[in-house]
Amino acid sequence: RQNRAMDNAQDTESATSGSDRFIDRGKRIYDLGDEILVVCPKCSGMAKVTLNVDIPAKLNDRLFAPRRLVCTKCLYRDKWAGRQVSVGGPADWYFGLPLWLTESCCGEVLWAYDLKHLEMIESYVAAKLRERTNKGRNSFLSKLPKWLKSSKNRDEILRSIGKLKRKLNAGT
């Protein structure tokens, strides 16, 4: 738990270091799966996929820990307890539901699992100088598609991120 607290402090440091500079501290895509916002299969409102247990320390235990789906609108519920996940892309890893935070952008689809993920992408895109620590070579940010890294798309991407934040705040 102490390591996770340090990771969170480092994320905040990277995100708040200003729009001119971003330091990639090596956050992996697997570190983002504790909460995933999805489209409810029943009412199309916002639902959350979360851990159904305390957060296990080991990545493998955390990745395959039981999950629950709860809609914030209609209160639809479901449970997942399996041994197979599908990580990456605009769907959740467990139920295969479309992500809540998706937006057409630059002829592509901009997506994020939750607000924390979206804010990391926003900080990265807004930065004019992007630096990596040694851990940054394996981060999800180092594997972003070229259109998302391109400075010529910066303004459009940031506008789309603003739309996603408004959608999240509205919860509809």
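It is worth spelling out the overall build of the chain at this point. Looking only at helices and strands, the chain has five helices and eight strands in total. In the chain, the succession of helices and strands from N to C terminus is α-β-β-β-α-β-β-β-β-α-β-α-α. Looking at the chain as a whole, 41% of its 172 residues qualify as buried. Pairs at least 24 apart in sequence give 58% of the contacts found in the chain among residues at least 6 apart. Total accessible area on the chain is roughly 9,600 Å²; 48% of this is exposed by carbon and sulfur atoms.

So, about empty space enclosed by the protein. Going through the model one piece at a time under the given rule, you end up with two cavities of 30 Å³ or more. Here the second largest cavity defines a volume of roughly 40 Å³. Residue lining of the second largest cavity: Tyr-30, Gly-33, Asp-34, Leu-59, Arg-62, Leu-63, Arg-67, Trp-93 and Tyr-94, and that is the complete set. Ranked by the residues each element gives to the lining of the second largest cavity, the list is headed by helix H2 (residues 59–63), at three residues. Partitioning the lining of the second largest cavity into residue classes produces five nonpolar, one polar and three charged.

Another aspect to go through is the layout of surface pockets. Roughly 230 Å³ of volume is contained in the second largest pocket. The wall of the second largest pocket is formed by 15 residues, among which Ile-29, Trp-111, Phe-140, Leu-144 and Pro-145 lie closest to the centre. Sorting elements by how many residues they give to the lining of the second largest pocket places strand E7 (residues 108–112) first, with three residues. Here the lining of the second largest pocket is built from residues that sort into 11 nonpolar, three polar and one charged.

Glancing now at the sheet that holds strand E4 (residues 67–71). The four strands lie next to each other as E2-E3-E4-E5, forming an open sheet whose pairing is antiparallel. Looking along the sheet, the strands with just one partner apiece sit at the ends: strand E2 (35–39) and strand E5 (77–80). Taking each pair of neighbouring strands and ignoring which way they run, the sheet shows an average axis angle of 20 degrees. Across five bridges, E2 lies against strand E3 (residues 46–51) in antiparallel orientation. Bridge pairing links Leu-37 to Lys-48 in E3.

Let us now look at the nonpolar core. Judged by nonpolar contacts, the single largest core of 40 residues is most densely connected at Ile-36, Val-38, Leu-110, Phe-140 and Ile-157. Looking at this core, the elements with two or more residues in it are E2, E3, E4, strand E6 (101–105), E7, helix H3 (115–126), helix H4 (146–149) and helix H5 (154–170). The leading source of residues in this core is H3, at five residues. With near-sequence residues (within four places) excluded, Phe-140 lies in contact with Lys-27, Arg-28, Ile-29, Leu-32, His-117, Met-120 and Ile-121.

Within the secondary structure, Asp-24 is located in strand E1 (residues 21–24). It turns out Asp-24 is buried and unbridged, and the closest side chain with the opposite charge, Arg-132, is 4.4 Å from it. Side-chain polar atoms of Asp-24 contact the side chain of Ser-139, separated by 2.5 Å.

A word on H5. Along its 17 residues, H5 runs 24 Å from first to last C-alpha, staying within 8% of the 24 Å computed at 1.5 Å per residue. Within the span of H5, buried status applies to Arg-154, Ile-157, Ser-160, Ile-161, Gly-162, Leu-164 and Leu-168. Positioned one or two residues after H5, Gly-171 has a phi angle of 70 degrees, which is positive.

Calculation rules
Residues numbered from 1 in each chain as written. Predicted model: local features only at pLDDT ≥ 70, side-chain atom pairs only at ≥ 80, totals over all residues. Heavy atoms only, no water. Helix = DSSP H or I, 4+ residues; strand = E, 2+ residues; numbered from the N terminus. Buried < 20%, exposed > 50% of the residue type's maximum accessible area, 1.4 Å probe, protein only. Contact = heavy atoms within 4.5 Å. Areas by Shrake-Rupley, 256 points an atom, 1.4 Å probe, with all protein chains shown as cover. 1 Å grid on protein atoms, 1.4 Å probe; cavity = no way out; pocket = protein on both sides within 12 Å on 5 of 7 lines; lining within 4 Å. Points joined across faces, edges and corners; volume = space filled by probe spheres on them. Nonpolar A, V, L, I, M, F, W, Y, C, P; charged D, E, K, R; others polar. Pairing = 2+ DSSP bridges. Axes fitted to C-alpha atoms, helices over the stretch in contact; angles between N-to-C directions. Core = buried A, V, L, I, M, F, W, Y, C linked by side-chain atoms within 4.5 Å. Lys, Arg positive; Asp, Glu negative; His and termini not counted. Salt bridge = Lys/Arg side-chain N within 4 Å of Asp/Glu carboxyl O. Polar contact = N/O pair within 3.5 Å; in protein donor to acceptor, adjacent residues only side chain to side chain. Expected span 1.5 Å × (residues − 1).

Function cannot be inferred from these measures alone, as they are strictly geometric.
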